[in-house]
Structures are given as structure tokens and as C-alpha cells.
There are 4 protein chains.
Amino acid sequence: MDLQPILDGISAKIRPHLSDGRVADYIPALARVEREQFGMAIVTCEGQTAQTGAAETLFSIQSISKVFTLTMALGKIGNNLWHRVGREPSGSAFNSIMQLETEHGIPRNPLINAGAIVVTDVILSNRSLISENGIGEPGYDAVQEILDFVRLTAHDPSIAIDREVAESEAAHGFRNASLANFMKSFGNLENPVERSLRVYFHQCAIAMNCEQLARAGLFLAADGRDPISGKKVVSAPRARRINAIMLTCGHYDASGDFAFKVGLPGKSGVGGGILCIVPDVAAIAVWSPGLNKNGNSHAGTLALEMLAKETGWSIF
Amino acid sequence: MDLQPILDGISAKIRPHLSDGRVADYIPALARVEREQFGMAIVTCEGQTAQTGAAETLFSIQSISKVFTLTMALGKIGNNLWHRVGREPSGSAFNSIMQLETEHGIPRNPLINAGAIVVTDVILSNRSLISENGIGEPGYDAVQEILDFVRLTAHDPSIAIDREVAESEAAHGFRNASLANFMKSFGNLENPVERSLRVYFHQCAIAMNCEQLARAGLFLAADGRDPISGKKVVSAPRARRINAIMLTCGHYDASGDFAFKVGLPGKSGVGGGILCIVPDVAAIAVWSPGLNKNGNSHAGTLALEMLAKETGWSIF
Amino acid sequence: MDLQPILDGISAKIRPHLSDGRVADYIPALARVEREQFGMAIVTCEGQTAQTGAAETLFSIQSISKVFTLTMALGKIGNNLWHRVGREPSGSAFNSIMQLETEHGIPRNPLINAGAIVVTDVILSNRSLISENGIGEPGYDAVQEILDFVRLTAHDPSIAIDREVAESEAAHGFRNASLANFMKSFGNLENPVERSLRVYFHQCAIAMNCEQLARAGLFLAADGRDPISGKKVVSAPRARRINAIMLTCGHYDASGDFAFKVGLPGKSGVGGGILCIVPDVAAIAVWSPGLNKNGNSHAGTLALEMLAKETGWSIF
Amino acid sequence: MDLQPILDGISAKIRPHLSDGRVADYIPALARVEREQFGMAIVTCEGQTAQTGAAETLFSIQSISKVFTLTMALGKIGNNLWHRVGREPSGSAFNSIMQLETEHGIPRNPLINAGAIVVTDVILSNRSLISENGIGEPGYDAVQEILDFVRLTAHDPSIAIDREVAESEAAHGFRNASLANFMKSFGNLENPVERSLRVYFHQCAIAMNCEQLARAGLFLAADGRDPISGKKVVSAPRARRINAIMLTCGHYDASGDFAFKVGLPGKSGVGGGILCIVPDVAAIAVWSPGLNKNGNSHAGTLALEMLAKETGWSIF
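Residues numbered from 1 in each chain as written. Chains lettered and ligands numbered in written order. Predicted model: local features only at pLDDT ≥ 70, side-chain atom pairs only at ≥ 80, totals over all residues. Heavy atoms only, no water.

For chain A, the name recorded in an unreviewed UniProt entry is Glutaminase, with Hwanghaeella grinnelliae as its organism. Regarding chain A, the UniProt comment filed under Sequence similarities (unreviewed entry) reads as follows: "Belongs to the glutaminase family." (UniProt positions renumbered as here; feature names shortened; annotations may be inferred.)

Printed below as a string of C-alpha cells:
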């Protein structure tokens, strides 16, 4: 299948929709991003690539980082993770605290904020033994370890954290601080609240472009093994299970709708990006900053719907 | 792939687990079903069949009927259905009423009880024009229309309703009566509560065996067209979307877990049955009456997990 | 204290506020009541009476009936009532079903709809032995027993039920039917749902005027004994406890506000009436059909606030 | 009425119940308090005093401090306070966060933790102009201002804060930090979260004995004016309204039960103390560290129930 003309067609058709959504405005660094931007990139398991629009423009990956930290935490403590976080859709907004109260501090899944903070806490408590400045070493930094992992999967050491975004998140992160303190009160955070939050805010502030993001997610489309380098990132069953969680939980309280319309595992971020996996076929990244009412990229979702329709890539 | 030895192997391995769950006991007709039973049947899109254990023993399909009525209602009013019922996972138990209050009488999805009652109400209000005793005819009966549809997809006119179960459901159906009255108070039921409930209780009391059930669901594995007779039941995109809803919502508040472990669209019933779809490949029905704490068949889920592992049929 | 000039003053001051609220419109029989009406009556423990405005106009007492049925049920089964209904404020609307789910079918208190339906169910299951057509007698009717009790406390055998209102309530009572079925599913209704609801809808449809209502409530101001006839209705501690429940729960989710502003035990009805108790001093009834956003009489609440201020009758 | 023999009688009858409750154990400084202690003190508006048991033993007043800070905040900004906190019972536990989400960061009332943190924030933002080191002064300290106010109403300058308790609260105050951050995210805290929490933790750590506490609350029994010194603390209507809030909200989700059984405005603290007001008659303080399941003093509640029964002091 020749992907380039398909992407070009989507790029043309998407233009009138770029002004529909609303840019995230809870921090200045995100609020000033120009809305009418769009980029898309695909990498197939066979190494074919295609891209369109602003596919090389950096954006804040935000919650998409949760997919990478989930992968890392599963690598560190395996299925023990599921004692501390569930894997059910939440049926509520991304930052809701209600179910956390009903369910005694155990977040519903690792792709909502509360769950991702627990995942970060797991990473902090289980530092990699192989990293240069590993456990017990003064230079160790979980933020660096997460960044290293993303660089590794993207095969791009230039990927960096936007420090301004990270600091801005921290300065306005009262809701996340509330979630973290709430879980801490139930004993479901091992590290000091501030430390877990610091790492969480930094992972959200990783800046990537569509090209890098699609490349970084490719291992999830290929049974956990990077199909280009041949390097194994996670086992095949684990990769499939991460995809399952992305499908049921990756778009907060619009996950069912995304499955219905696009039919592919995906994870959105409030920066306007979406990472989407076509098992055994390809990884896709799309970006457009205008968000719909559920906090997911409006044009990005639409573009993926068009792509799924034209390629027949729905997993259903 | 030779499916028979796989099913035989599963049948042997599942035996020690048949006494683990708990048979539904809210009505006498279900409570007296013997727990340690197990049956499984597969029909592939190419017409291959395999079965094991009590695959020809009739059981009450209960909530699995929701898949068939959803298909019918979409055929009658198309996407207008989504004005009256959502398509998001509920994040709560199958008969929960909380979200119905928060969301003003609109059920979260068509596969929880409240949503299925709305679907039934839609069928009642949109009687088929082509049925013999159709709209306005004295002999018209929505129950009969649903039964006819199931018989048609299963290619088996012998399928019947267990009247004792239907009456028993009605006599003990206070929770469903509560849900129906609640939605009626928000104007989300068009027919009298009693009429919608009567049809709902009867559709749940359809008795089928694994062989019939797998055959009946086969159109969902084949883009909406019965691959054996070649007859179209629904359009391809609609079939895929029904599968998407089964995956995100088909196991109540254990849907995420089922997606995680089995990785296939499925719908469970409190009678112990599960219908599972492998897109483009096959339809599977499994039955074992012992339920886990989420109200899904314990051994049935386990058997599907084994099957998915051995066949690699996960959609992820 | 000369109450007549105080009432006359309130009557004059209240006039501009009579058009502020909104008449209950969920049933035609209530919707057509003219909004700009106002009546008020006081009976003191010493037998002094005062009234103003339309104090002799009949209105539907609606939820105020819950005070009388609570008194009756406590007389029948005493503190055993508290195994089936709580006595805590609900923190939510009068017809909310959420807490009923969280608290397994036990309503928060006897003055919200769910709680009052349980109270009615208790009356039905514990028919008075002394009534003429008592337990087991073909002519027995719980509706008649409730009406008799109200007539007795009001010393007025002319009080009657507005059958049109009762039938209209039944025809539109889906929310109450939902609550009743929900509790039945938890085993917290002994009688058939329809029977309990029938009695409930009829008790709400009792028509009284302010004069009758104040007289009927007087025993609650006088330690449970009618201070005029000298007849004991309930024990002194029980009367005080009923007052306590009226204070904490009598105005649904505006009970705190009513205690804050008026400072007296009271129970409102959606027909625009409020019964208010001044312990050891007097009983007050006020009526004005326009309701505020919490479903309580707008002008009635205001009038009671004025009265409490001028008389210094706050219990605090 | 001779109160001393009544108190002595209660003291004797309460003994067998002192081992029933459970001492608060969320911080070490509270957990090590010996459970089987009991003290009680009454001060009447006429200056009569009576006390029994450990009425001079200091304990941590904890949430009882909320009554004093509420009085202060109303003195500073009057009814504007009600834009930032409600006055309805919560229908849930003292530290619940659910309603805060539903109601957009506005706590239900000033006597639950979230509401009291807002009250503290109001005090911080509206420093007294008349205090020696008032607004803008380097020595100003809201903690000191609160302590000064309590000392003033108790007529006892020796009252102090238990710094160990305050620090321990801060070190374990994750749930309160969650509540505060949550409200901050809705803009309902003006000061930095840490600053408001610091003051809140210190006010809770004020140590008093029953004698001091009853004396400190006496102005609430006497229309807002200290009946002994004759000094006005708040206006009469405001004092009555504070009492109303204590009655409807003072015992968290057992407020209805306390009103039912004791029939007096009261505020409990997790340290085992309860301050109780008999309007126009007296103020009562009771202390016993064993808590019931709602977090209120078990023996303290029982003692007040006995006292109310013997004195007939119920306001109902």
C-alpha cells in the first residue's frame, strides 16, 4: 500500500477542521501554541515511512509519555504493577478523583493521571541496575532514565525535555498534587509526593515530533521487538497487552468512542498528539493542538478515522 | 490450523477449574443449573467447525442477547441510536444506576442492562415493515422478531425461549424495573415500562448451545456478511463497530481485564456463556455456569485465554 | 406576644416575592395552581391562633405527609424502623438514587422519597389492631388509616385526599417507581412495589389548608401530647426526635440552609407548603406555591425567616 | 438545677464504656493517648460551673478548632464566606473528596476538613487590623491570631499549641494536602497550599482541657456575648447561626444521629473532645479518646446523651 498519497489526501481534507478544537490553556507554555497546525507520520514494521504536514515540528507529548513509562514499569516489576493500579476504563475524566476514593487509592488504569503517577513512583523505586548512574549512585535521575528509554525506542538521542513546560506544569499542577497526595494517604506512593510529581511533570514535558513518536512506538506494533533494529524491548504478550490497555483506556472517557470510530489502540496527549498502533503493521503519530471536549486532539482523531477507513486497518 | 486438538487440550486443562466460580442464583431456574459443566465451539469464516465438551447443551444466553438486539436496533434507526445510549465503558457494575443519574438517563453503552433496555425499546418502537405480522398488525410481537433474528443468524429455527426463565426474570427483575423506570422518568423510554421489560426479559431467556451461538455470531467475524450463506446481515463498518463495543464494554467492569488477557471482542452472559469474535477468522462460544466476581464465566474466560494464547488470535 | 400583627406584617412584606418561585409542574394537577398565593397560620401550645392570607385555601401537602407517616411507623415498630432507614441528611436531591446504591438499599432518612416509601411499607405491613377494619379485615386500607391519623391530629374529619392528584402522581411517578424497585431488589420493601407506591402517592395527595396543618402538627411542639385536647400522640422523647429529623433532613439538600436562616424544625412539600415546629411554643404552617431551586416554597421560607426574626423563636 | 451530682452520676455510669471506642492512630502523638480517660465540664450562662473526671487534663482539640476559626472568618468577611463554602451537611465522611469534585471545589460546610481549610485561608488573607503585629507586619502570624482568639474566649492565656502534634499532622497530612490542592486547582484557595495547611495543622493541635473548652464556647450559648465578662464576641444572629451549623454539620456523617440522640449543637474532634452548646443555658465540653466508627468520641457522645436526658436540655 502506498501510504504517501493517503497521507497527502488526509492532510488536504483535514484543513477545514484545524480551527475547530481548543488549545490546552492551563499553562502558558501550551496556551501559546498556534492552533492551526497538523502533522502526521507513519512507520511500518517493514521500515516504510510516510509523513505529511508539520511532522517534524516538536510538540509536548504530555500523556503519551504514559505508554513509555508503563512499558518501563512492567519491565521493572512485571505483573506486580497490577497490585497498585488497575486496568479497567475509568468511565470518567482524566483527572477525576472520585473513583480513587471509592477504590481506596488504587487508580483504575495506568493511562489516567493518577495511574501514571503510580507508574512513575514504581520507576523511582526500582532504578535500573544497568544505567550508568544506577541505584544508589548520586547522579541517578529517573527523569533521565525515562528520557533515555524514549530516545532508545525512537533511535534519536536528540530528544529532550522542554524545561519551561515542566516547570510550568509543576507550578500549576494542583490537581495532580491532589491526586498524588490522595494516593499517598492510602499508602500507594512509596516516594515523597514531590519527587514522584517532579518526575511525572518532566516526563509529560518531553518534546517530540510525529516522526520521532511513530518511530518510538513501533515496537508495540511488532510484538515488542523493534522490527528495524531487531532489538527486543518487551515480550510479545506484554506488547499486545499494552496495546489492549491503550485501546480500552487510552483516550480517557472517550476511549469507547475512539475504538468505535478508529478501531486502533491509541494514546492521546493534551499537547495535541496521538500515538496509534496497528498491530503487525505500523505505528502512527498525529499532531494537531486543537482539542475536543474530552481533551483529545480534534483534527488528530479525525485524521486517524480517515486513515483507518482508507487503509482498512481497524483491528475489528 | 487444526482446532480440534486445541479444544480437546483446553477441555482437559479446564476441568480442575470448573468448581471455582459461583452459579447465578438470583432466579431458581438459573440457580439449579449444575455448576461443573463446560462446552466450547468454534466456527471459522471458512466453515470449519470444532467443538468440545457440552457444546450441544442448551443454556440461557442472557446478556449475550444484547449483541443481537444491538445489531437489530442499528439496522432499524442507524446512528440515531447514539442519541439515546452512549458507547463508553461504564466503569461500574452491570446493573449500576449511579451514572444513569449523573448522565440524565442516558446509559453508558448498549451492553449494560440499562442500555440494552433502551435498545429493546427502540426495537419495540420501530417494528420491522417486512415481518409477516408487522407494524400495526395484531399478531406482531417484538419477542418473536428478536427470536426470528437469532434463528436466522444461527441458521437454526429450533432455537426457543425458555418461558420459565423469562417469567422468573420478570418476577425477580426489580433492579431492571428500577433502571427502566429511572430512564422513563428522563423520557428515555418510549414504550410503557412493563412492555419494554417484558421483551427484555424474554430476549435474555433465549436458550442456545455453544454450537448455535458461535454460528449465530459468525457474521460479526466476517465483515457483517454470513461467510457460509453469503448473506449480508450488516455493513462491514457496522460489524467492526459492534466488535469495538464488545471489546470495550462486553464484560461490564471487567472489560479491560478481558481485553488484557484474551484480546478479543466478547460478550458474556450471567448464564455462563461467552460469545467471542476473532475478526476475519472465527466466532467462538464457550459455556460454563460458574461465574467469577464480576459475573462472567470463570472457566469460560480461562478457556478463551488459553485459546487466544495457543492460536495467537489476539487482535492486539 | 400578639401574633396577629406580626403575621399581617409578614403578609404585606411577602407580597413582592410571590412571583419569584416556580410552581411544580411535573403533574398537571399541581401545574395549574395559581402561583401568587400565600397563606400562613400559627397555633400555640396555649391554644392561641393567628392566620393571614389564604390560610383556609386547600393545597396538596405532598411531602409534609412524611412527618405524619413517620410518626405512625414509629408508633407501630418503634426503633426497629432504623434498621430499614437512616436518620442522616442526604447531601443530595430529594429523589436521588446514588446513595441508595452505595448504601445497599437503605435510604438516608425517612423524609426523602425513598425513605418515606419504606415508612409507608412499614405501615402497610403493620396494620393497626385497633382500627375498625384492621388487620385481616377486607375493608382495611392503609390510605384510610393515614388519612384517619391526619384527621385525628388536626381534629378535622373533613380532611380528604385529592384523588386527581393521587392518580396523576401514579401516572407520572417513574422516579419513585425506580426508587421503590431499587429498594425491593435489596429486600427493603416487604409489600409489592405497586401497593407501597399506591399508598405513598395517596398520602402525598392529602389536601389541607394552613390552619388544619398547623393544628395537625401541634403535638410535635408539645412533647408529643396535643396541648389542647390533652391527648398523647407520641412520647416526649419521640416527639423531640422527630423534630430533630425535621431539622436535619426536612428540606432535602437545603436543610442546612433552612436551619441557618430560620432555625426551626420544618418539613416542606412540593405543593408549596411548609410545616414548622417551635418546640414548647407553637406549630406554624405556611403555603405559597412558587418553589425555589431546591423544591421548597420560596415565599414560604422567606416568611418563616421573617417570623423567626421577629419572634426570636430560633431554637439556637 | 444542681449539675454536680448529675455529672458525677454520668461519670460513674460511663466507666464501663470507656474501653469501647478506638483511639485515633493516624499520628503517633495521638495514638499513644491512653484510651480509658473521661472528663466533662459545664459552664452555665449564669456562671455556674461543674466538672467531673479528667476535666483538667489537656487534649488535642483537633476539629473543634473549626468552630473558633469559623467565628473568626465570619467576623472578618461576614456572609461573603458563603461564596466559598456551603452550609449543608455533607452526607459523607469528614475527609471525603467526592463532593468537592461534583461541586467544583466548594466544600459543603465549614466544619468538614475541606471547608475548614478554606476558612483558614480566609483568615490568612484577611489579617486583623487591630492585632499588634497586624497586616504587613513582619511578626504577624495567623496561628498566633487563632490562638489569641481561643485564649480570649477561654479567658486563659496559658492555652498553647502542642508543636509535636502539629508537626506530626503535617508529616502525615496527605489527605488534607489532597483536599487543599484540589480546591486550589479550582481557585478556592488564595494562599499557597503549604501556608494554609500549616495554619490548619497548628489550629488542630491546640491543647485544651474540658474546663477551658466549655468556657471558650460559652459565648455561643449566650447570643454571642460572653455572659460572665459581658464582652460581645459576635452578634446574636451570628451566634445562633453558628449553632445551627454545628447541629447540622458538627459530627460529620453522624450529625443526624447526634441531633437525634443528644438534640444539641455540638462539634467533635478526633482527639476525643466534643464541645456542645445549650442555647441560653450553658456550654459543655466532654472528652474521652476512644472513637466510634464515625470518628466521634464514643463515651463522650454517650455522656452527652445521658446529660441531655437528665436535664431536658434538648433544643427540640
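Describing the UniProt feature "binding site: substrate" (unreviewed entry) in chain A
Residues and elements named next belong to chain A. The residues that UniProt annotates with the feature "binding site: substrate" (unreviewed entry) are Ser63, Asn113, Glu169, Asn176, Tyr200, Tyr252 and Val270. When you line up the elements, asparagine 113 lands in helix H5 (residues 113–125). Mapped onto the elements of the fold, valine 270 is located in the loop between strand S6 (266–268) and strand S7 (273–278). If sequence neighbours within four positions are ignored, valine 270 has contacts with Ala24, Tyr26, Leu30, Gln62, Leu291 and Gly295. (Helix = DSSP H or I, 4+ residues; strand = E, 2+ residues; numbered from the N terminus. Contact = heavy atoms within 4.5 Å.)

Observations regarding the sheet that holds strand S1 (residues 39–44) of chain D
Each strand in a sheet pairs with another by means of backbone hydrogen bonds, the pair being arranged parallel or else antiparallel. Residue and element names in this part refer to chain D. Ordered in space as S2-S1-S8-S7-S6, the five strands form an open sheet in which the pairing is antiparallel. Two strands in the sheet have a free side with no partner beyond their single neighbour: strand S2 (49–53) and strand S6 (266–268). Between one strand axis and the next, the sheet turns through 10 degrees on average, direction left out of account. Across the sheet, helix H10 (residues 210–221) touches S1, S2, strand S7 (273–278) and strand S8 (282–287), and the angle it forms with S8 is around 145 degrees. Those strands touched by helix H13 (residues 298–311) are S1, S7 and S8, and its axis lies near 145 degrees from that of S8. (Pairing = 2+ DSSP bridges. Axes fitted to C-alpha atoms, helices over the stretch in contact; angles between N-to-C directions.)

Section: empty space enclosed by the protein
Residues and elements named next belong to chain C. Here the structure, examined in full by the defined rule, presents four cavities of 30 Å³ or more. Estimates place the volume of the largest cavity at around 100 Å³. Residue lining of the largest cavity: 13 residues in total, with Ser96, Gln99, Leu100, Arg108 and Ile112 positioned closest to the centre. (1 Å grid on protein atoms, 1.4 Å probe; cavity = no way out; pocket = protein on both sides within 12 Å on 5 of 7 lines; lining within 4 Å. Points joined across faces, edges and corners; volume = space filled by probe spheres on them.)

Re the arrangement of the chains
Nothing in chain A touches chain C, and the closest approach of their C-alpha atoms is 10 Å. One thing to see here is that chain B and chain D don't touch, and their nearest C-alpha atoms sit 10 Å from each other.

A word on the confidence of the model for chain A
Predicted coordinates in areas of low pLDDT are best not read in detail. Per-chain confidence: chain A averages 94 in pLDDT, with 95% of residues scoring 70 or above. Low pLDDT, under 50, characterises residues 130–136 of chain A; the stretch is placed with ten contacts to residues that sit more than four places away or in other chains. (pLDDT = per-residue confidence, 0-100.)

Points about the domain arrangement of chain A
All names here are of chain A. Per the domain assignment, the segments making up chain A are domain 1 (3–59 + 207–311) and domain 2 (63–205). For domain 1 and domain 2, the distance between their C-alpha centroids amounts to 21 Å. Domain 1 puts 34 residues into the contact, and the matching count from domain 2 is 39 residues. Of the roughly 2,800 Å² buried between domain 1 and domain 2 on both sides combined, carbon and sulfur atoms contribute 69%. Per-residue buried area on domain 1 facing domain 2 is highest for Arg238, Ile245 and Tyr252; these three make up 20% of the total on that side. Run the count over domain 1 and domain 2 and you get one salt bridge. With its nearest N and O atoms 2.8 Å apart, the salt bridge here joins arginine 32 to glutamate 164. Our enumeration of links across domain 1 and domain 2 arrives at ten residue pairs in polar contact (both at pLDDT 80 or more). Elements supplying a minimum of two residues to the side of domain 1 that touches domain 2: helix H2 (28–31), strand S5 (206–208), helix H10 (210–221), helix H11 (236–249), S6 and S7. With seven residues, the single largest contributor to the side of domain 1 that touches domain 2 is H10. (Domains from an automatic or database assignment. Buried area = accessible area lost by both parts, 1.4 Å probe. Salt bridge = Lys/Arg side-chain N within 4 Å of Asp/Glu carboxyl O. Polar contact = N/O pair within 3.5 Å; in protein donor to acceptor, adjacent residues only side chain to side chain.)

Considerations on the interface of chain A and chain B
Across the contact, 29 residues belong to chain A and 29 residues belong to chain B. Between chain A and chain B, a total of about 2,600 Å² is buried, with carbon and sulfur atoms accounting for 56% of that surface. On inspection of chain A and its partner chain B, the count reaches four salt bridges. A salt bridge links Asp253(A) to Arg108(B), with the shortest nitrogen-to-oxygen separation between them at 2.7 Å.

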